[in-house]
Amino acid sequence: MELLRLSKAAKRLGVHPVTLRLWADSGKIPVTWVGRERRFSSIDVEAMKVSTGGDRVRLEGLYVRVSGSSGQESSLEAQEKELRATSSGEVVKVFRDRASGLREDRPGLNRLLRAVADGSVTVVRVTHEDRLARFGVGWLKHLLSVYGSNLEVLHPKKLGGRDELLEDFVSLVTTFAGRLYGMRSADNRRRLLAESGQCQTGGER
C-alpha cells in the first residue's frame, strides 16, 4: 500500500485537489494525516475510482448576464431560475453581471474564473453561450479545461453561418459606436474646459 499526497491522489482520480479535499472532509474517502499533510491510501483511491465510476462531484457555478446597467431584473431571475431547475449537482454560487458580452473585464466573470481556478467550481453553466461572452468562448472553454472544469450551455446556438455572422456584426457595430460616441463626448468636454479656461484668462487681462 502506498500513501499518496493530495495532488497525486487527485490526479489518479481525475479530479481537482479541492474536490478530493471536500470528499475527505465529508468522509467520502478515508484520509491519513502525516503531520499537517493529508495522505490517501492507494487502495482507497482505487476503490474510489471504482465506486464513482470516474464521475466527479458537480460543483456548479451559474453565470447570468444582461447588457443593461439598470433594470432587466426579470431576465437575470429567469436565467437563474432555469439554470437551477436543470441543475444536477451542487449549486455553489450564482455569478451575475450587468455588462456587454464584448466586455472582457466583468466583475462577475472575474469572480467566476477565480472560483474555477481555486477548484470551488467544477462546472460552469449558462442558458446561452453568448451570456458568457460574445466572442472568445473557445478560449474560455480552454481556460476552464486547464483547471479541470467545463462549460455547459443549456440552449446551444442554432443560428446558421450567415445569420450568426450578421448577429455578431451588429453587436460589434453597436459596441464600437457606443465607444466612439463616448470618446467624442470626452473630447468635447475637454475642449469646452480648455475654451472656458482661455475665456477666463482673457477676462483677467
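For the structure itself, look to the data block above.
We now turn to the structure provided with this report. Every value quoted in this text rests on a predicted model; they were computed, and no experiment measured them.

## Considering the overall build of the protein chain
Next up, step 1: Per the secondary structure count, the protein chain includes eight helices and seven strands.
Next up, step 2: Within the protein chain, buried positions represent 34% of all 205 residues.
Next up, step 3: The contacts of the protein chain with a sequence gap of at least 6 include a subset with a gap of at least 24, amounting to 68%.
Next up, step 4: With an accessible surface of roughly 12700 Å², the protein chain has 55% of that area assigned to carbon and sulfur atoms.

## Re the sheet that holds strand 6 (residues 123-126)
Next up, step 1: In space, the four strands of this open sheet follow the order 5-4-6-7, with parallel pairing throughout. Unpaired on one side and paired on the other, strand 5 (90-98) and strand 7 (150-153) mark the two borders of the sheet. Averaged over all adjacent pairs, the angle separating strand axes in this sheet is 25°, with direction ignored.
Next up, step 2: Where strand 4 (residues 59-66) meets strand 6, three bridges bridge the pair, whose relative direction is parallel. Paired with glutamate 60 across the strands is valine 123, a residue of strand 6.
Next up, step 3: Helix 5 (residues 107-117) contacts strand 4, strand 5 and strand 6 of the sheet and is inclined by roughly 150° relative to strand 5.

## Examining the layout of surface pockets
Next up, step 1: There is about 200 Å³ of room inside the largest pocket.
Next up, step 2: Along its surface, the largest pocket is lined by 13 residues, and Glu104, Arg106, Ala133, Phe135 and Leu140 are the ones closest to its centre.
Next up, step 3: Per-element tally for the lining of the largest pocket: the top contributor is helix 5, with three residues.

## Considering helix 4 (residues 73-85)
Next up, step 1: For helix 4, with 13 residues, the first-to-last C-alpha span of 18 Å sits near the 18 Å given by 1.5 Å per residue.
Next up, step 2: Those residues of helix 4 not exposed but buried are Leu76, Gln79, Glu80 and Leu83. In an axial view of helix 4, the angular spread of the buried residues amounts to 95°, which keeps them on one side of the axis. For helix 4, the exposed residues lying more than 90 degrees away from the buried face are Ser74, Glu77, Lys81 and Ala85.
Next up, step 3: Close packing links the buried residues of helix 4 with strand 4, strand 5, strand 6 and helix 6 (129-132).

Parameters at a glance
Residues numbered from 1 in each chain as written. Predicted model: local features only at pLDDT ≥ 70, side-chain atom pairs only at ≥ 80, totals over all residues. Heavy atoms only, no water. Helix = DSSP H or I, 4+ residues; strand = E, 2+ residues; numbered from the N terminus. Buried < 20%, exposed > 50% of the residue type's maximum accessible area, 1.4 Å probe, protein only. Contact = heavy atoms within 4.5 Å. Areas by Shrake-Rupley, 256 points an atom, 1.4 Å probe, with all protein chains shown as cover. Pairing = 2+ DSSP bridges. Axes fitted to C-alpha atoms, helices over the stretch in contact; angles between N-to-C directions. 1 Å grid on protein atoms, 1.4 Å probe; cavity = no way out; pocket = protein on both sides within 12 Å on 5 of 7 lines; lining within 4 Å. Points joined across faces, edges and corners; volume = space filled by probe spheres on them. Expected span 1.5 Å × (residues − 1). Arc of directions from axis to C-beta.

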